[in-house]
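Read off the chains here:
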Amino acid sequence: IFIFPQEESAEQLLQTTIDLVETGSIGLLIIDLLATLVSKQAYEKSLEEKTYCGIAAPLTTWTSKILPMLTKYDCTVICINQERDVLNSMFPTTNTPGGKAFKFGCHVRLSLRKGRYLDSNYKEIPNNSESNFGQMTEVQVIKNKLTKPDRKLCKFTITFDNGIDYWNDIFNLGVSLGVIDKSGAWYSIVDKETGEIKKGNDGTLLKFQGKSNFLEYMHNNEDFTQELNNEVLVKIEE
């Protein structure tokens, strides 16, 4: 279900999300984005008149109403927001609109920032480079009520022609967790019991010179990529 708001106020749109969750048939709800919601009182006033509270008041009520519903109907809500400069601060600080109650109700809050640019070989290049293949995106954990707070920062890859490049992310995790064996410029999948290099479903020896050759094989063999991803997830759980 895709809703593209025209002249609806924040109160109307948030009530629509409550009605959708109450049907019991919604498992995932994404609001993109909170910063562009306009309260009813702001709609009814001209630009010359001041508006107080903004979307904080409707978001406070919405948060208190929808949180118990999410547990009851087994639903997850993802809210995308933007940062705004704090005007009365002496130092350069930012904040997210929506008030304190919404932030208190969130179980996880993540802050995404642009990292270093990448070339076609996934090597980091200066930010003033003229040609960029992709970039790293840094994710900072601002709040976490679901798991133990032992992780504050992670990264993932974005390429400008394909979006999130999960192949490169699986590869990086595989190397760091020991699922992919690295020896100089060679990368291979080794059977931990026999110590021999494994073979793919097509009989190819899973040993590649250079990261680009390994990634090319991952792109062309989705079953292998999925199996590698599963092994990485097992290692993370351990």
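The notes below deal with the structure included here. (Residues numbered from 1 in each chain as written. Predicted model: local features only at pLDDT ≥ 70, side-chain atom pairs only at ≥ 80, totals over all residues. Heavy atoms only, no water.)

Digging into the packing of helix H1 (residues 10-22) against helix H3 (residues 56-72)
Logical step 1: Two elements in contact, H1 and H3, have axes whose closest approach is 10 Å; the angle formed by their N-to-C orientations is 5°. By the angle between their axes, H1 is roughly parallel relative to H3. Counted together, Glu11, Leu14, Thr17, Ile18, Val21 and Glu22 of H1 and Pro58, Leu59, Trp62, Lys65, Ile66, Met69 and Leu70 of H3 form the full contact between these two elements.
Logical step 2: Of the residues assigned to the contact of H1 with H3, the class counts are nine nonpolar, one polar and three charged. (Axes fitted to C-alpha atoms, helices over the stretch in contact; angles between N-to-C directions. Helix = DSSP H or I, 4+ residues; strand = E, 2+ residues; numbered from the N terminus. Parallel < 35°, antiparallel > 145°, perpendicular 65-115°, else oblique. Contact = heavy atoms within 4.5 Å. Nonpolar A, V, L, I, M, F, W, Y, C, P; charged D, E, K, R; others polar.)

A few points about the nonpolar core
Logical step 1: With 20 residues, the main nonpolar core has Val21, Leu37, Leu59 and Trp62 as its most contacted residues.
Logical step 2: Mapped by element, the contributors of at least two residues to this core are H1, strand S1 (28-32) and H3.
Logical step 3: Of all the elements, H1 adds the most residues to this core, at six residues.
Logical step 4: If you look at the next biggest cluster of nonpolar residues, it comprises 19 residues, including Leu118, Ile170, Leu215 and Val232. (Core = buried A, V, L, I, M, F, W, Y, C linked by side-chain atoms within 4.5 Å. Buried < 20%, exposed > 50% of the residue type's maximum accessible area, 1.4 Å probe, protein only.)

Quick notes on the sheet that holds strand S12 (residues 207-209)
Logical step 1: An order of S10-S11-S12 is seen for the three strands of this open sheet, with the pairing classed as antiparallel. A single partner strand is all that each edge strand has here, and the edge strands are strand S10 (181-183) and S12. Neighbour to neighbour, the strand axes of the sheet diverge by 20° on average, direction disregarded.
Logical step 2: Across three bridges, the pairing between S10 and strand S11 (residues 186-188) is antiparallel. Within S11, the residue paired with Ser183 across the bridge is Trp186. (Pairing = 2+ DSSP bridges.)

Re the pairing of strand S7 (residues 134-144)
Logical step 1: In this structure, strand S5 (residues 108-118) lies alongside S7, joined through nine bridges in antiparallel fashion. Counted as the bridge partner of Tyr117 is Gln135 from S7.
Logical step 2: As defined by bridge partners, S7 adjoins strand S8 (residues 153-159) across seven bridges and the pair is classed as antiparallel. Bridging across to S8, Gln140 finds its partner in Leu153.

Re the environment of Lys182
Logical step 1: On the secondary structure map, Lys182 appears in strand S10.
Logical step 2: The class of Lys182 is partly exposed, set by a relative accessible area of 47%.
Logical step 3: When the C-alpha atoms of Lys182 and Gln41 are compared, they prove to be 61 Å apart, with 141 residues separating the residues in sequence.
Logical step 4: Reaching out from Lys182, the side chain makes a polar contact with the backbone oxygen of Gly184 at a distance of 2.9 Å. (Polar contact = N/O pair within 3.5 Å; in protein donor to acceptor, adjacent residues only side chain to side chain.)

Side note on the packing of aromatic side chains
Logical step 1: Here the structure, examined in full by the defined rule, presents nine aromatic pairs.
Logical step 2: Look at Phe208 and Tyr217: their rings are 5.1 Å apart centre to centre, the planes differ by 40°, and that puts the pair in the tilted class. Comparing Phe208 with Tyr217, the two get one shared label, buried.
Logical step 3: Joined through ring pairs, the aromatic side chains of Phe171, Tyr187, Phe208, Phe214, Tyr217 and Phe224 make up one cluster.
Logical step 4: Here the guanidinium or amino end of Lys145 rests over the ring plane of Phe104, the centre of that ring lying 5.6 Å away. (Phe/Tyr/Trp six-rings, centres within 6.5 Å; stacked < 30°, edge-to-face > 60°. Lys NZ or Arg CZ within 6 Å of the ring centre and 35° of its normal.)

Focus: the sheet that holds strand S6 (residues 124-125)
Logical step 1: Taken in spatial order, the five strands make up an open sheet running S6-S5-S7-S8-S9, and their pairing is antiparallel. Of all strands in the sheet, those bounded by a partner on one side alone are S6 and strand S9 (163-164).
Logical step 2: Across two bridges, S5 lies against S6 in antiparallel orientation. Looking at the pairing, Leu118 lines up with Glu124 of S6.

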